[in-house]
Amino acid sequence: MRPELSTPGGGVKLTSLLRYVDGYLRLAEHPDYPAAMNGLQVEGPSEIERLCMAVDASEAAIDAALQRSAQLLVVHHGMFWDGSRPVTGRRYRKLSKLIRGDLGLLSVHLPLDSHPEIGNCVLLARALGVALKGRFGAYSGMPIGWWGESDTTRVELCARAEAVLDGPVRAIEAGPERVLRIGVVTGAGAFVEEAAELQLDTIVTGEGAHHAAIDAAELGVNVLYGGHYATETFGVRALGDHLEERFRLSQEFLHLPTGT
């Protein structure tokens, strides 16, 4: 760790950590949903020694991070997806716990899905044994997912996905049984029409809209749903490992599955 990044207590300056994350994940230039609010969402201590990582900024994640004496909670899904609303009820509870506990909150959404090294999509694709060939599935012109080649069957791919995701996978069996070209977009990424245009026979994602099943049937594309949460743990874990190595911080992934 470079000396200018460290603090006398052996941690890292929050400003240095934020600057590094912003550059490494390209937060400022990456398009995202307005309510994603990538970056620091709630300010905490100016020096960080312990991180907790989680998929969601849930009250359970905040409680767990406070129990572990973390100074910063890093999540994929931040707090403000419901837009500008009064600070009452559960929003008040979560914000008050963060502020009173002096726990910062950092959120990284689509930049973490799409990152070519530690992104959710690239890591899931590699875990499934897909030989990557190109990008697939874009938001506002920025590619999020990946496509690649394999040579397996739909049944074998489902079994592999269930092992990788440690849970059930629901298959829309609308494409061929022999799987050769696979697109992977984590979370809610059923880009069926784009898959058909790229001549992909299968998509692996977390969840999809109702119309995705109709699109799949009419376009002849298999769709495998592995769960929104389960498909988006990969990048969060990898980012924690990366920051731990980079800054010599203590960090822990908080596994709090939602069942979706």
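First, a word on scope: everything that follows refers to the structure included in this document. (Residues numbered from 1 in each chain as written. Predicted model: local features only at pLDDT ≥ 70, side-chain atom pairs only at ≥ 80, totals over all residues. Heavy atoms only, no water.)

Right, let's talk about the packing of helix α2 (residues 59-67) against helix α3 (residues 89-100) for a bit. With their axes 10 Å apart at the nearest point, α2 and α3 run at an angle of 15° to one another. Between α2 and α3, the crossing angle belongs to the class labelled roughly parallel. Crossing angle aside, the handedness with which α2 passes α3 is left-handed. For the pair α2 and α3, the contacting residues are Glu59, Ile62, Asp63 and Leu66 in the first and Arg93, Lys94, Lys97 and Leu98 in the second. The class makeup of the residues in the contact of α2 with α3 is three nonpolar, no polar and five charged. (Axes fitted to C-alpha atoms, helices over the stretch in contact; angles between N-to-C directions. Helix = DSSP H or I, 4+ residues; strand = E, 2+ residues; numbered from the N terminus. Parallel < 35°, antiparallel > 145°, perpendicular 65-115°, else oblique. Left-handed = near helix turned anticlockwise from the far one by under 90°. Contact = heavy atoms within 4.5 Å. Nonpolar A, V, L, I, M, F, W, Y, C, P; charged D, E, K, R; others polar.)

With respect to the helices and strands, Ala57 occurs in the loop between β4 (50-56) and α2. For the pair Ala57 and Leu72, spaced 15 residues apart in sequence, the C-alpha separation works out to 12 Å. When neighbours within four sequence positions are excluded, Ala57 is seen to be in contact with Ile62, Val75, His77, Gly78, Met79, Lys94 and Leu105.

Strands sit in the order β7-β8-β10-β11-β12-β9 across an open sheet of six strands; the sheet is mixed. On the outer flanks of this sheet lie β7 (131-139) and β9 (170-172), each paired with one strand and no other. This sheet shows a mean twist of 25° between the axes of neighbouring strands, independent of strand direction. Pairing of strand β10 (residues 178-184) with strand β11 (residues 202-205) involves three bridges; the strand directions are parallel. Looking across to β11, one finds that Gly183 is bridged to Ile203. In the packing of helix α5 (residues 120-127) onto the sheet, the strands contacted are β7, β8 (142-153), β10 and β11, and the crossing angle to β8 comes to about 5°. (Pairing = 2+ DSSP bridges.)

Turning our attention to the side chain of Asn222. Examined against the element boundaries, Asn222 turns out to sit in strand β12 (residues 222-225). Of the polar contacts made by the side chain of Asn222, one reaches the backbone oxygen of Pro176; its length is 2.8 Å. Once you skip the residues sitting within four places of it in the chain, Asn222 turns out to touch Arg154, Ile172, Glu173, Ala174, Gly175, Pro176, Val179, Asp201, Thr202 and Ile203. (Polar contact = N/O pair within 3.5 Å; in protein donor to acceptor, adjacent residues only side chain to side chain.)

A word on the environment of Gln251. Its place among the elements puts Gln251 in strand β13 (residues 250-253). Separated by 14 residues in the primary sequence, Gln251 and Arg237 place their C-alpha atoms 9.7 Å from one another. The contact partners of Gln251, leaving out residues within four places of it in the chain, are Arg50, Leu51, Met53, Gly240, Asp241 and Glu244. Side chain to side chain, Gln251 and Asp241 meet in a polar contact 3.0 Å long. A polar contact of 3.3 Å, which involves the side chain of Gln251, links it to the side chain of Glu244.

To continue, consider the nonpolar core. The tendency in soluble globular proteins is for nonpolar side chains to be buried side by side. Counting 26 residues, the largest nonpolar core has Leu17, Val21, Leu25, Leu51, Leu72, Leu239 and Leu243 as the members making the most contacts within it. For this core, the secondary-structure elements that each account for two or more residues are α1 (14-25), β4, β5 (72-77) and α10 (234-247). Looking at this core element by element, the count peaks at six residues for α1. (Core = buried A, V, L, I, M, F, W, Y, C linked by side-chain atoms within 4.5 Å. Buried < 20%, exposed > 50% of the residue type's maximum accessible area, 1.4 Å probe, protein only.)

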